[in-house]
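# Working through the structure, step by step
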Amino acid sequence: MKLEIAVLSGDGIGPEVTAQAVKALEAIAHSFDHTFTFKDALVGAIAIDKTGNPLPEETLQLCADTDAVLFGAIGDPKYDNDPSAPVRPEQGLLRLRKELGLYANIRPVKAYDTLLEKSPLKRNIIEGTDISIYRELTGGIYFGKKQLNEAGTVASDLCEYSKEEIERITRLAFKAAQKRRNKLTLVDKANVLESSRLWRKVVTEISKEYPDVDLDFLFVDNAAMQMILNPSQFDVILTENMFGDIISDEASVIGGSIGLLASASVGDTCCMFEPIHGSYPQATGKGIANPIAAILSAAMLLEHFDLLEESQAIKNAVEKALELNLTTPDLNSINPLTTEKVGDFIYDYILNPEDSNINFENIHVGQSTII
Ligand SMILES: NC(=O)C1=CN([C@@H]2O[C@H](COP(=O)(O)OP(=O)(O)OC[C@H]3O[C@@H](n4cnc5c(N)ncnc54)[C@H](O)[C@@H]3O)[C@@H](O)[C@H]2O)C=CC1
Ligand SMILES: CC(C)CC(=O)C(=O)O
Ligand SMILES: [Mg+2]
């Protein structure tokens, strides 16, 4: 298969982790005889620095013209610490999602058997957890009208949803549940918010088309608690934009690190694949960022194009790295690997999964040896 992929590495650790995802895709192209072409473009703080615009028109055009977008992360403390900055890196990402019509963000959350001891949560609580979060991505409070009064003393952000916006992601979530364990949980705040009551109404209506799927509802505050107390109760979680943003970062604790959580953002015509984490600016250039979330986002890209064996090859390499403890300091404080070395191992393993001669000794950083 020929695929043209726009690569938007962005800021902070974005370029470091995205480079490892591109490497994994190159290994797949080589092993399975595909042609993947990568085209770099600017987004975020680096785009503001170079062009004054967090999403330059040529970046947007490239993303619209290519088959898929591989996204790193955006964000820089110089904007986070300046509430009056006239343009912000996050606007680039939000506009990109909106312009490409990426209304559904799918975030898998898994407790890997080999990492059960690494989560701060107890092994018996997280064991077997396998959740797919369907987060609405182009509506809600992040996109509603923003206001600040002239005195700068009163501010508001409107949370607005239309029936159509709810319907389209709801159908995707029900279809996903049918392919999984036939359970869908709508997370909302329908005891307080009018927008959440519309979600409940629309989702309940649509559930009649999927009688084989059990639907239940959870208020988001309770859902946040259940995610820690009993995460394996969840199959597919459907939720609006901000709640999905928050509970998925919370859910990343189950796997042991946010550096493991990938996502696919899809719409009717375009698709983008992005780790759920941000630009982790404190780690920039230090080689300590976990590249697995970015690499698994590349696996989701392949799955999107029905390249299932190829996607599985990436996942197998990731699982091997986790099994052998070939990971970054977030998961391995004793003898960690650098971001690049984790990427190298995964690259080598994809090319040669049977080869027991992969040179593990040279893989760890510092003095320590491997296994
Ligand atoms: N999709 C995106 O591009 C996102 C961008 N951001 C932006 O990123 C910047 C930093 O935001 P934060 O709230 O600090 O969130 P963050 O996700 O960048 O980092 C939070 C914490 O998660 C951990 N972490 C994140 N990525 C990791 C990785 N690959 N490996 C190991 N550990 C990792 C670190 O402990 C870090 O302190 C801000 O400017 C924010 O706006 C935040 C979230 C998403
Ligand atoms: C930086 C925000 C715009 C987005 C975010 O936190 C996310 O999509 O996870
Ligand atoms: Mg987030």
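None of these values were measured; they are calculated from a predicted model.

### Brief notes about the domain arrangement of the protein chain
Under the domain assignment, the protein chain is made up of domain 1 (1-103 + 267-371) and domain 2 (105-262). With centres defined by C-alpha atoms, the gap from domain 1 to domain 2 works out at 23 Å. Every contact between the two is made by 21 residues of domain 1 and, on the other side, 28 residues of domain 2. Roughly 2200 Å² is buried in total at the junction of domain 1 and domain 2, and carbon and sulfur atoms are behind 66% of that figure. Of all residues in domain 1, Tyr103, Ile276 and Leu331 give up the largest surface area on contact with domain 2, accounting jointly for 38% of the area buried on that side. In this assembly, domain 1 and domain 2 are joined by one salt bridge. Linking Lys110 and Glu319 is a salt bridge whose minimum nitrogen-to-oxygen distance equals 3.6 Å. For the interface between domain 1 and domain 2, the tally reads seven residue pairs in polar contact (both at pLDDT 80 or more). When contributions to the side of domain 1 that touches domain 2 are tallied by element, the ones reaching two or more residues are helix H5 (89-99), helix H11 (292-304) and helix H12 (308-323).

### Focus: the pattern of salt bridges
Inspection of every chain in the model, using the stated rule, returns 23 salt bridges. Between Arg181 and Asp130 there is a salt bridge whose closest N-O contact spans 3.9 Å. One end of the pair, Arg181, is in the loop between helix H7 (163-179) and strand E8 (183-188); the other, Asp130, is in strand E5 (residues 130-136), with 51 residues separating them in the sequence. The exposure class assigned to Asp130 is partly exposed, which follows from its relative accessible area of 31%. A salt bridge links Asp235 to Arg180; the shortest N-O distance between them is 2.7 Å. One end of the pair, Asp235, is in the loop between helix H9 (220-229) and strand E10 (236-239); the other, Arg180, is in the loop between H7 and E8, with 55 residues separating them in the sequence. A cluster of three or more residues bridged by salt bridges with shared partners is formed by Asp130, Arg180, Arg181 and Asp235.

### Section: the site of ligand 2
With respect to spatial proximity, the complete set of residues near ligand 2 consists of Glu90, Leu94, Arg97, Arg107, Arg135, Asp245 and Ile276. Within the side chain of Arg135, an N or O atom sits 2.9 Å from an oxygen atom of ligand 2. When atom positions are compared with the pocket grids, ligand 2 is found to occupy the second largest pocket. Broken down by element, the shell around ligand 2 gets its largest block of residues, three residues, from H5. A class-by-class count of the residues in the shell around ligand 2 yields two nonpolar, no polar and five charged. Each of two domains, domain 1 (1-103 + 267-371) and domain 2 (105-262), supplies a minimum of three residues to the shell around ligand 2.

### Examining the packing of helix H3 (residues 57-65) against H5
Two numbers describe how H3 lies on H5: the axes approach to 11 Å, and their chain directions differ by 40°. Viewed along their axes, H3 and H5 form a crossing whose handedness is right-handed. Within the contact between the two elements, H3 uses Glu57, Leu60 and Cys63 and H5 uses Arg95, Leu96 and Glu99. Class assignment for the residues of the contact of H3 with H5 results in three nonpolar, no polar and three charged.

### Notes on the pairing of E8
Of all six residues making up E8, five are buried, and the element is well covered by its neighbours. Relative to strand E9 (residues 214-219), E8 is paired through six bridges, and the arrangement is parallel. Residue pairing in the sheet places Thr185 in a bridge with Asp216 of E9. As paired strands, E8 and E10 are joined by four bridges and run parallel to one another. For Leu184, the partnering residue across the bridge sits in E10 and is Val236.

The rules behind the values
- Residue positions are given per chain, counting from 1 as you read along its sequence in written order.
- Following the order in which they are written, the chains are lettered starting with A and the ligands numbered starting with 1.
- pLDDT decides what is reported in this predicted model: residues at 70 or higher carry local features, side-chain atom pairs at 80 or more are listed and counted, and totals for whole chains, interfaces and linings draw on all residues regardless.
- Hydrogens are left out, water is left out, and the side-chain values use all remaining heavy atoms of the structure.
- The split of the chain into domains comes from an automatic or database domain assignment.
- When checking whether two residues touch, look at their non-hydrogen atoms; a contact exists if any pair is within 4.5 Å.
- Values labelled buried area give the accessible surface lost by two parts on being combined, using a 1.4 Å probe and summing over both.
- A carboxyl oxygen of Asp or Glu within 4 Å of a side-chain nitrogen of Lys or Arg is what we treat as a salt bridge.
- Two N or O atoms form a polar contact when they lie within 3.5 Å of each other; inside protein one atom must be a possible hydrogen donor and the other a possible acceptor, and for residues adjacent in sequence the pair counts only when both atoms belong to side chains.
- Numbering of helices and strands runs from the N terminus, with a helix taken as a DSSP run of H or I at least four residues long and a strand as a DSSP run of E at least two residues long.
- To sort residues, take the accessible area from a 1.4 Å probe on protein chains only and compare it with the maximum for the residue type: under 20% means buried, over 50% means exposed, and anything in between is partly exposed.
- Near is defined per residue: the residue qualifies when any heavy atom it owns lies within 4 Å of the molecule or strand.
- The pocket and cavity definitions rest on a 1 Å grid over protein atoms only: a 1.4 Å probe that fits but cannot leave marks a cavity, an open set with protein on both sides within 12 Å along at least five of seven lines marks a pocket, and residues lining either have an atom within 4 Å of a point.
- The rule for placing a molecule in a cavity or pocket is simple: more than half of its atoms must lie within 2 Å of the grid points.
- Under the scheme applied here, ten amino acids are nonpolar (Ala, Val, Leu, Ile, Met, Phe, Trp, Tyr, Cys and Pro), four are charged (Asp, Glu, Lys and Arg), and all others, including Gly, are polar.
- Axis definition: a line fitted to C-alpha atoms, over the contacting stretch in the case of helices. Angles run 0 to 180 degrees between N-to-C directions.
- Each crossing gets its handedness from the near helix: less than a right angle anticlockwise from the far helix is left-handed, clockwise is right-handed.
- Criterion used throughout: strands pair if DSSP finds at least two bridges between them.

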